[in-house]
Amino acid sequence: MWTLAALLLLVPSSGQAATLEKPVLSLHPPWTTVFKGERVTLRCDGYHPLLLELRPISTLWYLGHVLLPSHKKTIEVQTPGVYRCQTRGAPVSDPIHLSVSNDWLILQVPYAPVFEGEPLVMRCRGWYDKVVYKLHYYHDGQAVRYFHSSTNYTVLQARSSDSGHYQCSGTMRIPVESAPMFSSKVAVTVQELFQTPVLRTLSPPEARGRVVLRCETRLHPQKRDTPLQFAFYKYSRPVRRFDWGPEYTVPEPEVEELESYWCEAATTSRSVRKRSPWLQLPGRGSALDLASTTAPALQALVPGDKPLSFRKTPVSRSVPSVTSVPNSTFAGLQFPAGHVPTVGPHVCAPLPTSVEQSREVLQRKVDLLLREMQLLKGLLNQVVLGLKDPQAFRELTETPETPNSQVSVSPGTPETTVVQGGVDI
């Protein structure tokens, strides 16, 4: 009777088996490449039910697709290959690739995945711990660090750009100093800690006209317990600094400018920060479509950086606003809003006297600015000529008919004057 009850306790239910997590396989020392003849220890940590057992719960070990004879929690191995383990009622663990080398120099990297913001440590090791001199580390063929003798190379806060192929080189005294030797290349991949956030709108029933923004992202399954904080911005101005909540309620006066909002997600230490694109409302074109295409590539604002400003330039009430006309004769020429030149006959209603006066004043200022730019261009051309060919410049200055400071611009223009020793308008 008691034996039958114990056997029933040892069999997990189908629901329990479905919720069990895969065991964690670890390697000691924590390097994926070792020298031939060295032994390493593998450890399998998984689910062990607290039940009455007739015998110790066994652990299954796999080398490739071959089942190993050991059922202990830890084993020592020296054979290269792909190792996995499995405990009762749980799925198979993630693999560990063990490489064995017969070279004089090997580059050792961690067996566990490295995530964004975490340190990445690499070790260039000589044959059975011989000291390596004139040590170089390479990333995708480019030298990134030099050491006089054996030293680990550490990237304090890894980024996705740190992924790639690494290699090391150096010399050893066997017994005299050898020629430079190179290790085999090792691939390193920095895992994404969390996805780029996306800003969305929520419409809860109790909002009653208010708009709630939510900054959404997703953590890597192995890092789902990592706490994240969120900040919200309008243009480049923070409207809510980093806090735990991923939601922000937009004040009613600013509801009409929702497309100027974006958010940022970061770890508590700020070692990893990612910003979202501009908010895109369903069925509406964004007023910041140009910025929306480049916003994901912009780096997140960090303390000390001067934020970009997208605020509108204040316009005086006595002077009408102006609109840029890209197709005009002079790029950047400004015309009053509502009076953009068109092709063909131009017919418009009579304008108020104040608008006509403002337009005349603006046109005079534009003409004056263009003349000054032409004068400046002539002076700069002479300076460039003097730098490129000093002899020709001296001959030009010694010719009495062509003074070096005389520039004639637009003959026939009433307000154009000849410049002698300066610029007079």
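Treat the numbers as computed from the prediction; the structure is a model and nothing was measured. (Residues numbered from 1 in each chain as written. Predicted model: local features only at pLDDT ≥ 70, side-chain atom pairs only at ≥ 80, totals over all residues. Heavy atoms only, no water.)

Peer 1: Whenever I open this one, the overall build of the chain confuses me. Can you help?
Peer 2: Looking only at helices and strands, the chain features five helices and 27 strands. A buried classification covers 31% of the 425 residues belonging to the chain. Considering only intrachain contacts with a sequence separation of at least 6, the fraction spanning at least 24 residues in the chain is 55%. A total accessible area of about 27,000 Å² is found for the chain, and carbon and sulfur atoms account for 57% of it. (Helix = DSSP H or I, 4+ residues; strand = E, 2+ residues; numbered from the N terminus. Buried < 20%, exposed > 50% of the residue type's maximum accessible area, 1.4 Å probe, protein only. Contact = heavy atoms within 4.5 Å. Areas by Shrake-Rupley, 256 points an atom, 1.4 Å probe, with all protein chains shown as cover.)

Peer 1: Would you mind showing me how to read the packing of aromatic side chains here?
Peer 2: Centre-to-centre distance and the angle between the planes together describe a pair of aromatic rings. Considering all chains together, one arrives at ten aromatic pairs under this definition. Here the aromatic rings of phenylalanine 232 and tyrosine 248 are separated by 5.5 Å at their centres, their planes lie at 25 degrees, and the arrangement is stacked. Taken together, the residues phenylalanine 232 in strand E21 (residues 228–234) and tyrosine 248 in strand E23 (residues 247–250) connect sequence positions 16 residues apart. When its relative accessible area of 0% is taken as the criterion, phenylalanine 232 is described as buried. Taken together through their ring pairs, the aromatic side chains of Phe35, Trp104, Trp127 and Tyr128 make up a single cluster. Across the ring face of phenylalanine 194, the terminal group of lysine 274 is positioned such that the distance to the ring centre comes to 5.0 Å. The ring of tryptophan 262 has arginine 275 lying over it, and the distance from NZ or CZ to the ring centre is 3.5 Å. (Phe/Tyr/Trp six-rings, centres within 6.5 Å; stacked < 30°, edge-to-face > 60°. Lys NZ or Arg CZ within 6 Å of the ring centre and 35° of its normal.)

Peer 1: It is not clear to me how the nonpolar core should be interpreted in this structure. Could you clarify?
Peer 2: Generally speaking, a soluble globular protein has its nonpolar side chains buried in company with each other. Within the largest apolar cluster, 21 residues are counted, with the highest numbers of intra-cluster contacts made by Leu120 and Tyr137. Contributing elements (two or more residues each) for this core: strand E9 (105–108), strand E11 (120–126), strand E12 (133–139), strand E14 (153–155), strand E15 (164–171) and strand E17 (186–188). When residues of this core are assigned to their parent elements, the largest contribution, three residues, is made by E11. Leu193, Leu228, Phe232 and Tyr261 belong to the second largest nonpolar core, which has 19 residues in total. (Core = buried A, V, L, I, M, F, W, Y, C linked by side-chain atoms within 4.5 Å.)

Peer 1: Mind showing me how you'd approach the sheet that holds strand E22 (residues 237–243) here?
Peer 2: Two strands in a sheet stick together by hydrogen bonds in their backbones, pointing the same way (parallel) or opposite ways (antiparallel). Strand order in the open sheet made by the four strands is E22-E21-E24-E25, with antiparallel pairing throughout. Among the strands making up the open sheet, the edge pair consists of E22 and strand E25 (273–275). Along the sheet, successive strands turn relative to each other by an average axial angle of 15 degrees, direction set aside. (Pairing = 2+ DSSP bridges. Axes fitted to C-alpha atoms, helices over the stretch in contact; angles between N-to-C directions.)

So far we have only geometry, and geometry alone does not tell us how the molecule works.
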